[in-house]
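# Understanding the architecture of this molecule
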Amino acid sequence: MIEVKDLTVKYGGVTSLDGMNLLFERGVCGLIGPNGAGKTTFFNVLSGFVRPASGSVTAFGDDLLKLTHFRRARWGIRRTFQTEQAISDLTVYDNVAMIHSKLRGSARRDDVLASIEFVGGGISPWAKVGSLTAGQRRLVEVARAVAGKPRLVLLDEPAAGLPEEETSHLTGVIKAIPGHTGALTILVDHDMVLVNAVCETTAVLDFGKLIASGPTAQVLRDEHVMRAYLGTAEVA
Amino acid sequence: MIDTAGPKATATARRGPVMDRRALTRTIVIVVLLLLALLALPPLMSAYYTSTMIQVAIYSIVTLGLGLLVGRVGLYSLGQLAVLTIGAWVGARLLFATSQPFILVMIEAGLVTMIIGSLITLPALRLRGLYLALITLMLAGGVTVVMQTLNFPNGGGGFSGYNGSQLHIPQIRRPSFAGTDPAFYRFSVIVAIVMFLLVFVHLRTRPGRAWAAIKQSEPSALAAGINTTFYKLWAMALAAFVTGVAGALLAGYQRELLSIQFPIQNSILLLAVVLVGGAFSLAGAVIAGFLQAFLPAALYNLWGVPNDWLIILFGLGVMQVLATAPGGIADQFPKDMKRLYRQISRLWRPAPPPATADGAARRIIIQETAEIHTRSVVIEEYGQARAAAEEQADLGPSRGAEGEREP
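The structure contained in this document is the topic of the report that follows. (Residues numbered from 1 in each chain as written. Chains lettered and ligands numbered in written order. Predicted model: local features only at pLDDT ≥ 70, side-chain atom pairs only at ≥ 80, totals over all residues.)

## Points about helix α8 (residues 206–216) of chain B
It helps to recall that an α-helix has 3.6 residues per turn; residues three or four apart then point in one direction. Within α8 of chain B, eight of the eleven residues are buried, which leaves it mostly tucked inside the rest of the structure. Regarding α8 of chain B, the residues found buried are Pro 207, Gly 208, Arg 209, Ala 210, Trp 211, Ala 212, Ala 213 and Ile 214 of chain B. (Buried ≥ 20, exposed ≤ 12 C-beta atoms within 10 Å, placed from the backbone. Helix = DSSP H or I, 4+ residues; strand = E, 2+ residues; numbered from the N terminus.)

Next up, the structure:
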């Protein structure tokens, strides 16, 4: 469970998040909104890369904002980036094993291999990431995000730029993350088909404010959302 | 729903990375080369080249440290020669002041250098790229200045261990089992091997992963729970340690150290050498060691080429690296050899079937052609649109201006 209260982020004169309130319970939750709405800023606050001007973020009873950025992975936050950031010099195994984990020895090894197996895509753990396709590199990033007993998985446009068949594979993977790890998963994406397919609940950000939240199908039909996000023409 | 790539793939995955044939060949080649260097080479070499090869071993350790920083972590340091100087100073001082075994002194020199080096670079850890290079160059300059006043120990007393009025200067001692040059050469090679193994183990385990992550993307490293400052400091400390050990070795090799041995421009040359040799591989460090110590000696010995010419040579080398071969000689040479082998083997074999009748390759070509076509269409359309826009823009204001001029 993650609860965000009155979260405000300012970059100089620009207010990126403007008193954002949010509550996600469990499963895969979608966070959508037009470009510049503050979705990635919100993720950066959760990762600790951006210090908010005010507000609080409580996840599973812990105050996240108190933790230093690199300690948040130890707490259990995982994330992927809008531009894929798999480390090309390393093997797939090392890319996943990079994540901080409390597991040691063979348990850790099994966890890493299980994560790679979980994302599928026919990726060998011993292949260099530099030799993989864009879609496979995305999957490696997702594998890293599910390794080491995560509690909160943040996926920032994981399907961006992927062809249809790979997106549909990824859809299955994302859907299975909460069952596989027990983690609350937040998905940011512009692909409404993907959001509709994997998210039970969805929240909509616009100009740093939450304008709607609830069951995905209902939110996507909301008139305000359509106006803010999909354009007015679609309402008419 | 989830493709697990079949049970077979997973079964091999569980077994772990199998040592493939290439890795095995590589290991055999390395072992044979090292045995040659240790056993076959010393009796064959003249005194001049023995002395040169000791330097190669020592500078390989130095370039190993710098290569680690530059190639693996992305920290551009120009202060490694200063670190070497500190190691040499500490080593020389301890060798004069105590009767501890040489190997122990080497380790101590490494540790002291590590502490000093880490403390000095601690404030610089938030910097990267050009700024880190500048700060470390200043550090190198500072150490040079200190050395000019402090001088290297020459058997005197006090903290500095320097006695300017001494008539008979005692030599810095060597290990009892490696007093002669050939023996000291073997000893240096073994020390170098140990240092390379130390770094190799680091690269293969958690620090290596952390460094690779930091080098490519610090946010990604932080998001994975890597304390980037700590691991950068670790890299600096490890590089300083091996360089400090090399410093003590250098003290034993030279037997008498002078402050003019470490001019500041050599710090820059060292970075060039590391880039040309190959910053991304351990073999590159060895090649860099040869470039640094062997090439000048050989060129001078064979044709009397003065060392200054090397600056031009290395300059060209760096240009080549930046332009076409980012992996340096260590990466480029095997590729070129493979290409050469293919060229030669083609002379014997009948002409291969025209093109690779591989569907995949053909598809790629077709795709690329299509892409180029779309791109050119887009560019053309853009050009037309822009020309139209410019025409309009040109007509608008210029007409107005003309209108103003002729009322």
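## What to know about the nonpolar core
By size, the foremost hydrophobic cluster in this structure holds 173 residues, and its most contacted members are Val 96 and Leu 187 of chain A together with Ile 58, Ala 235, Val 242 and Val 245 of chain B. Residue contributions to this core peak at 15 residues, all from helix α10 (residues 228–254) of chain B. With residues near it in sequence (within four places) discarded, Ile 58 of chain B still touches Ser 188, Ala 246, Leu 249, Leu 250 and Tyr 253 of chain B. (Core = buried A, V, L, I, M, F, W, Y, C linked by C-beta atoms within 7 Å. Contact = placed C-beta atoms within 7 Å.)

## Observations regarding the environment of Arg 21 of chain B
Residue and element names in this part refer to chain B. Within the element layout of this structure, Arg 21 appears in helix α2 (residues 21–44). Assessed through the 8 C-beta atoms surrounding it within 10 Å, Arg 21 is described here as exposed. Considered as a pair, Arg 21 and Trp 89 are 68 residues apart in the sequence and their alpha carbons are 45 Å apart.

## Considerations on the pairing of strand β7 (residues 152–156) of chain A
Residues and elements named next belong to chain A. Counted residue by residue, β7 has five buried out of five residues, so it is predominantly covered. Both faces of β7 are covered, namely the face carrying Leu 152, Leu 154 and Asp 156 and the face carrying Val 153 and Leu 155. Judged from the three bridges that link them, strand β6 (residues 77–79) and β7 form a sheet pairing that is parallel. Paired with Ile 77 across the strands is Leu 152, a residue of β7. Bridge count between β7 and strand β8 (residues 184–188): five bridges; the pairing is parallel. When the bridges of β8 are listed, Leu 152 appears paired with Leu 184. In this view, the connection linking β7 to its parallel neighbour β8 by way of helix α6 (residues 164–181) has right-handed handedness. (Pairing = 2+ DSSP bridges. Right-handed = clockwise from strand over helix to strand, strands pointing away.)

## A word on unusual backbone geometry
Residue and element names in this part refer to chain A. Non-glycine residue Glu 157 carries a positive phi angle of around 45°. Locating Glu 157 in the fold gives a position in the loop between β7 and α6. A count of 21 C-beta atoms within 10 Å places Glu 157 in the buried class.

## Concerning the interface of chain A and chain B
If you look at the interface, chain A gives 32 residues, while chain B gives 24 residues. Counting residues per element, the ones that place at least two in the side of chain A that touches chain B are α2 (69–75), α3 (92–97), α4 (105–119) and α6 of chain A. A class-by-class count of the residues in the side of chain A that touches chain B yields 15 nonpolar, eleven polar and six charged. (Nonpolar A, V, L, I, M, F, W, Y, C, P; charged D, E, K, R; others polar.)

## Structural notes on helix α11 (residues 265–277) of chain B
Residues and elements named next belong to chain B. Look at α11: 18 Å from first C-alpha to last across 13 residues, which is about the 18 Å you get at 1.5 Å a residue. All of the buried residues in α11 are Ser 267, Leu 270, Leu 271, Ala 272, Val 273, Val 274, Leu 275, Val 276 and Gly 277. Residues of α11 that are buried make contact with α3 (47–73), α4 (80–97), α6 (129–150), α12 (282–303), α13 (309–323) and α14 (328–348). (Expected span 1.5 Å × (residues − 1).)

## Brief notes about the environment of Ser 176 of chain B
Residue and element names in this part refer to chain B. For Ser 176, the position within the fold is in the loop between α6 and α7 (181–204). The class for Ser 176 is exposed, based on 9 C-beta atoms found within 10 Å. In this structure the C-alpha to C-alpha distance between Ser 176 and Pro 101, which are 75 residues apart in sequence, comes to 8.6 Å.

## Concerning the sheet that holds strand β4 (residues 54–59) of chain A
All names here are of chain A. In spatial order, the strands read β2-β1-β4-β5; together these four strands make up an open sheet with antiparallel pairing. Looking along the sheet, the strands with just one partner apiece sit at the ends: β2 (14–24) and β5 (62–63). Relative to β2, strand β1 (residues 2–11) is paired through seven bridges, and the arrangement is antiparallel. By the bridge assignment for β2, Tyr 11 is matched with Val 14. Packing of helix α1 (residues 39–47) onto the sheet brings it into contact with β1, β2 and β4, and relative to β2 it is tilted by some 70°. (Axes fitted to C-alpha atoms, helices over the stretch in contact; angles between N-to-C directions.)

## Some words on the pairing of β8 of chain A
Residues and elements named next belong to chain A. Extensive coverage of β8 is indicated by the burial of five of its five residues. Across the two faces of β8 the burial is the same, with Leu 184, Ile 186 and Val 188 and Thr 185 and Leu 187 all buried. In this structure, strand β3 (residues 28–32) lies alongside β8, joined through four bridges in parallel fashion. Each bridged residue has a counterpart across the sheet, and for Gly 30 the counterpart in β8 is Leu 187.

## Some thoughts on the sheet that holds β7 of chain A
All names here are of chain A. Reading across the sheet, the six strands line up as β6-β7-β8-β3-β9-β10 and stay open at both edges, with mixed pairing between neighbours. Each edge of the open sheet carries a strand with a single partner, namely β6 and β10 (209–215). Along the sheet, successive strands turn relative to each other by an average axial angle of 20°, direction set aside.

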